[in-house]
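# Commentary on secondary and tertiary structure
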Amino acid sequence: MTLSTEYERLTLPLEHAFTISRGTQTAAENVVVSIEDDDGNVGIGGAAPSDHYGETADTVEAVMPELLSVVESVDDPHALARSEREMRETVNRNPAARCAVSIALHDLAAKRADLPLYRYWGLDPENTLETSFTIGIDTTDVMREKTAEAVEAGYDTLKIKVGTDRDGEIVGTVRDEAPDATIRVDANQAWSPREAVQKIDVLADYDVEFVEQPIPAENPDGLRFVRERSALPIAADESCVTLEDIPRIAGKTDIANLKLMKCGGLREAMRMIHTAKAHGMEVMLGCMIESNASIAAACHLAPLLDYADLDGSLLLAEDEYEGVPMPEGVIGLETGRPGTGARR
């Protein structure tokens, strides 16, 4: 067998400017990988790098030839463990870049077996979830409009970005506009531990389900402090990057929020899911702002999760790739389409 590989960079405009406590973006830079076998099957995978974790589209493009040379050297799309191990040995960092190749290999392997990826893994598609839909920080009027749009589109679970001096007003505005929605809050490390406890006391009055990453990731003792005093469950995101972080946050958080772009691949994500559950945590799978070239693969992990935050492609003005159907946010795996379901 001979595998051929290629990649391209995409600039994806967002439907609305997206603001969190760290800044604002209006477009996302993704890099999409294609791996083709001798029979014309093509595996697709996407990288959505985050400069917060030291990656950009430039760094992804810089290391991609080395990663794809590993794929061509292994020359077996079913040798997933070997390929991911050798990619990690070749490029130790750059997890988003490695993830794109991991997704493309899994997509190709499942297509060669003529199975959807969840069936290739043996997962139960009935154990699926509804993704949350994220409302970024904005003026009160704009956040009200965005919430109304989300509700009209049928999204019942909303994630609100906070980390301002008007967080109570922000959450109250969304709750007024979406009285029946499940609401989650993400502070993206914006608060100190004591401030977090005070803020969470206020947010609890708005029937919030849980609070994500209230304090800086480099303060694990502070995370424990908040969890022990919080009126709401706590999810760890920036504190939960790799498999090694799972034991470090055990007992300090209720929910481990994984992202494929942080951990570097689908096999590593599975290891993190099982390890987190073994440590008594619930698991959420989140995302960056991503094309369906990568979101589609993340959807196939839904049967293993407690929560999903896989709206990255829903925030785009337009996506060049079609993915797993998500009518009104419900992840629909039973399409029968082989592989991840991503296609151009």
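Coordinates for the structure precede this section.
Now for a description of the structure that goes with this document. All values reported here derive from a predicted model rather than from experimental measurement.

Basis of the calculations
- Residues numbered from 1 in each chain as written.
- Predicted model: local features only at pLDDT ≥ 70, side-chain atom pairs only at ≥ 80, totals over all residues.
- Heavy atoms only, no water.
- Pairing = 2+ DSSP bridges.
- Helix = DSSP H or I, 4+ residues; strand = E, 2+ residues; numbered from the N terminus.
- Axes fitted to C-alpha atoms, helices over the stretch in contact; angles between N-to-C directions.
- Contact = heavy atoms within 4.5 Å.
- Expected span 1.5 Å × (residues − 1).
- Bend = angle between axes of the 7 residues up to and from the residue.
- Buried < 20%, exposed > 50% of the residue type's maximum accessible area, 1.4 Å probe, protein only.
- Salt bridge = Lys/Arg side-chain N within 4 Å of Asp/Glu carboxyl O.

Moving on, we get to the sheet that holds strand β2 (residues 23-36). The 3 strands are arranged β1-β2-β3 in an open sheet whose pairing can be described as antiparallel. With partners counted over all chains shown, the strands left at the sheet margins are β1 (4-20) and β3 (42-47), one partner each. Averaged over all adjacent pairs, the angle separating strand axes in this sheet is 20°, with direction ignored. By the bridge criterion, 6 bridges tie β2 to β3 in an arrangement that is antiparallel. The residue of β3 that forms the bridge with Glu36 is Val42. Contacts between helix α1 (residues 57-74) and the sheet are confined to β1, β2 and β3, with β1 contributing the most and set at about 145° to the helix.

The periodicity of an α-helix, 3.6 residues per turn, causes residues three or four positions apart to be oriented the same way. Between the first and last C-alpha of α1 there are 25 Å, a value that for 18 residues agrees with the 26 Å anticipated at 1.5 Å per step. The largest bend along α1 measures about 40° and falls at Met64, with the proline Pro65 one to four residues further on. Among all positions in α1, only Ala57, Val60, Val63, Met64, Leu67, Leu68, Val70, Val71 and Val74 are buried. In this structure, the buried residues of α1 make contact with β1, β2, β3, α2 (80-90) and α3 (95-112). Just past α1, the residue Asp75 takes up positive phi, approximately 55°.

A few words now on helix α7 (residues 193-203). Within α7, the full set of buried residues consists of Pro193, Ala196, Val197, Lys199, Ile200 and Leu203. The inward-facing, buried residues of α7 contact α6 (167-177), β6 (182-186), β7 (208-212), α8 (220-229) and β8 (234-236).

Here we come to the pairing of strand β9 (residues 255-259). Look at any regular strand and the pattern is simple: side chains alternate between the two faces of the sheet. Most of β9 is tucked away: 5 of the 5 residues are buried. A two-sided burial pattern is seen for β9, the buried positions comprising Ile255, Asn257 and Lys259 on one face and Ala256 and Leu258 on the other. For β8 and β9, the ladder comprises 2 bridges, and the chain directions are parallel. Among the inter-strand pairings, Ala236 is bridged to a residue of β9, identified as Ala256. The sheet contact formed by β9 and strand β10 (residues 282-286) spans 5 bridges and is parallel. Residue pairing for β10: Asn257 is matched across the bridge by Met284.

As enumerated under the stated definition, the model contains 25 salt bridges in all. The partner of Arg271 in a salt bridge is Glu268, with the nearest N and O atoms 2.8 Å apart. With Arg271 and Glu268 both in helix α11 (residues 266-278) and 3 residues apart, this pair spans about one turn of that helix. Between Arg337 and Glu322 there is a salt bridge, and its shortest N-O distance comes to 3.0 Å. Within this pair, whereas Arg337 is found in the segment after β11 (307-308), its partner Glu322 is found in the segment after β11, the two being separated by 15 residues in sequence. Residue classification places Arg337 among the buried positions, given a relative accessible area of 17%. Each of Lys159, Lys161, Asp186, Glu212 and Asp309 takes part in one network of salt bridges that share partners.

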